[in-house]
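# Descriptive analysis of the structure
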Amino acid sequence: MEMGGLKNTVYSYYLKSSGIAIFTIYAFLFIAYEAFSLGANLWLSKWSDDPLAVEPEIRNMYLGVYGGLGIALSICLFFGFLLLYYGTLNAAQRLHETMLWRIIRAPMSFYDTTPLGRILNRFSKDIDVVDTTLPMNFRGASSKLVDTIGALII
């Protein structure tokens, strides 16, 4: 029995199962979120350096742009995570169906030599990995990648 981390083929199969289009839109939304976040930080820096920012018209202009950037990044983040969860749900369903199909279609000798408890434990462990570990790893890796690219740009 293999032990250790997940292989890259598992991640690529998971990505294909979640849908390439969903992943592409998710990546675009996450990059847009990071761009809006960087824009908001730069705008706040410009606002704090402006000596005329105490005047109501200029203050309101800075506040309006800063609020608009905050709303835009919130929308990108919301729809990005919505797509991510939809994609992970699709991937989990497809991987569960594939695993169940392979277990059901296994030869009878497999059931003669493998205890039912071991099959059930392995199946439930794999489903747990698909439902919890893979989405968290995917979300964390994409978040850190976009954060790193954003930090390198600045």
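First things first, this report covers the structure right here in the doc. All values derive from a computational prediction rather than experimental measurement. (Residues numbered from 1 in each chain as written. Predicted model: local features only at pLDDT ≥ 70, side-chain atom pairs only at ≥ 80, totals over all residues. Heavy atoms only, no water.)

## Thoughts on the packing of aromatic side chains
To keep things clear, this is the line we draw: Aromatic pairing here means that ring centres of Phe, Tyr or Trp (its six-membered ring) are within 6.5 Å. Orientation follows from the plane angle: under 30 degrees is stacked, over 60 is edge-to-face, and everything else is tilted. Secondary structure elements are taken from DSSP: a helix is a run of H or I of four residues or more, a strand is a run of E of two residues or more, and numbering for both begins at the N terminus. Burial classification: accessible surface area is computed with a 1.4 Å probe over protein chains only, and a residue below 20% of its type maximum counts as buried, one above 50% as exposed, and the rest as partly exposed. Note on geometry: a ring has a charge over it if NZ (lysine) or CZ (arginine) is within 6 Å of the ring centre and within 35 degrees of the ring normal.
Going through the model one piece at a time under the given rule, you end up with eleven aromatic pairs. Between tryptophan 43 and tyrosine 62 the ring centres are 5.1 Å apart and the planes differ by 50°, which places this aromatic pair in the tilted class. Linking tryptophan 43 in helix 2 (residues 20-49) with tyrosine 62 in helix 3 (residues 56-104), this pair joins segments that are 19 residues apart in sequence. We note that tryptophan 43, like tyrosine 62, is buried. Clustering of aromatic rings is evident, with ring pairs tying together Phe23, Tyr26, Phe30, Tyr33, Phe81, Tyr85 and Phe138. Of note, arginine 105 hangs over the ring of tryptophan 101, and the distance from its end group to the ring centre comes to 4.0 Å.

## Let's talk about helix 5 (residues 116-153)
Put simply, the test is: To estimate how far a helix should reach, multiply one less than its number of residues by 1.5 Å. Here the bend at each residue means the angle between axes fitted to two seven-residue stretches, the one ending at that residue and the one beginning there. In what follows, a contact means two residues having at least one pair of non-hydrogen atoms within 4.5 Å.
Between its first and last C-alpha atoms helix 5 spans 54 Å; for 38 residues at 1.5 Å apiece the expected length is 56 Å, and the two agree. Roughly 35° is the biggest bend found in helix 5, and it falls at valine 129. Inspection of helix 5 places Ile119, Phe123, Ile127, Val129, Val130, Leu134, Pro135, Ser142, Ser143, Val146 and Gly150 among the buried residues, and these make up the whole buried set. Elements that come into contact with the buried residues of helix 5 comprise helix 1 (8-18), helix 2, helix 3 and helix 4 (108-113).

## So, the environment of alanine 72
Within the secondary structure, alanine 72 sits in helix 3. Here the alpha-carbon distance between alanine 72 and serine 37, two residues 35 residues apart in the chain, equals 9.0 Å.

## A word on a nonpolar patch on the surface
Selection criterion: Patch rule: a residue counts if its relative accessible area is over 30% and it has no salt bridge; like charges are joined within 9 Å, and nonpolar side chains (Val, Leu, Ile, Met, Phe, Trp, Tyr) within 5 Å. For the area figures, the Shrake-Rupley method with a 1.4 Å probe applies, and any residue is considered shielded solely by the protein chains shown. The salt bridge definition used is simple: a Lys or Arg side-chain nitrogen within 4 Å of an Asp or Glu carboxyl oxygen.
Where nonpolar side chains cluster on the molecular surface, the patch consists of Ile71, Ile75, Phe78, Phe79 and Leu82 and spans about 510 Å² of accessible area. Summarising the element assignment, leucine 82 is placed in helix 3.

## Quick look at the side chain of glutamate 34
Stated formally: In this tally Asp and Glu are treated as negative and Lys and Arg as positive; neither His nor the chain ends contributes.
With respect to the helices and strands, glutamate 34 occurs in helix 2. Buried and unpaired, glutamate 34 has lysine 144 as its nearest opposite-charge partner, separated by 9.7 Å. Those residues in contact with glutamate 34, other than ones at most four positions away along the chain, are Val146, Asp147 and Gly150.

## Here's the deal with the packing of helix 3 against helix 5
Where we set the bar: Interaxial angles span 0 to 180 degrees and are taken between N-to-C directions of axes, which are lines fitted to C-alpha atoms, for helices over the stretch in contact. Any angle that is under 35 degrees is reported as roughly parallel, and any over 145 degrees as roughly antiparallel; angles of 65 to 115 degrees are reported as roughly perpendicular and all others as oblique. Helix crossings get a hand from a simple test, with the near helix turned counterclockwise from the far one by less than a right angle marking a left-handed crossing and a clockwise turn marking a right-handed one. As a working rule, the residues Ala, Val, Leu, Ile, Met, Phe, Trp, Tyr, Cys and Pro are called nonpolar, Asp, Glu, Lys and Arg charged, and the rest polar, with Gly in that last group.
Contact pair helix 3 / helix 5: the axes reach a minimum separation of 10 Å and the direction vectors enclose 160°. Here helix 3 is positioned roughly antiparallel relative to helix 5, judged by the angle of their axes. For helix 3 against helix 5, the interelement crossing comes out right-handed. Between helix 3 and helix 5, the residues in contact are Phe81, Leu84, Tyr85, Thr88, Ala92, Leu95, His96, Met99, Leu100 and Ile103 and Ile119, Phe123, Asp126, Ile127, Val130, Asp131, Pro135, Phe138 and Arg139, respectively. When grouped by side-chain class, the residues that make up the contact of helix 3 with helix 5 number 14 nonpolar, two polar and three charged.

## Thoughts on the nonpolar core
Heads up, the rule is: Buried Ala, Val, Leu, Ile, Met, Phe, Trp, Tyr and Cys residues form a nonpolar core when they are joined through side-chain atoms within 4.5 Å.
In terms of nonpolar packing, the biggest core is built from seven residues, these being Tyr14, Ala91, Ala92, Leu95, Val129, Val130 and Leu134. Those elements that provide at least two residues to this core are helix 3 and helix 5. Those residues in contact with valine 130 that sit more than four places away from it in its chain are Tyr14, Ala92, Leu95 and Pro135. One finds Ala40, Trp43, Trp47 and Ala53 within the second-largest nonpolar core, a separate group that totals six residues.

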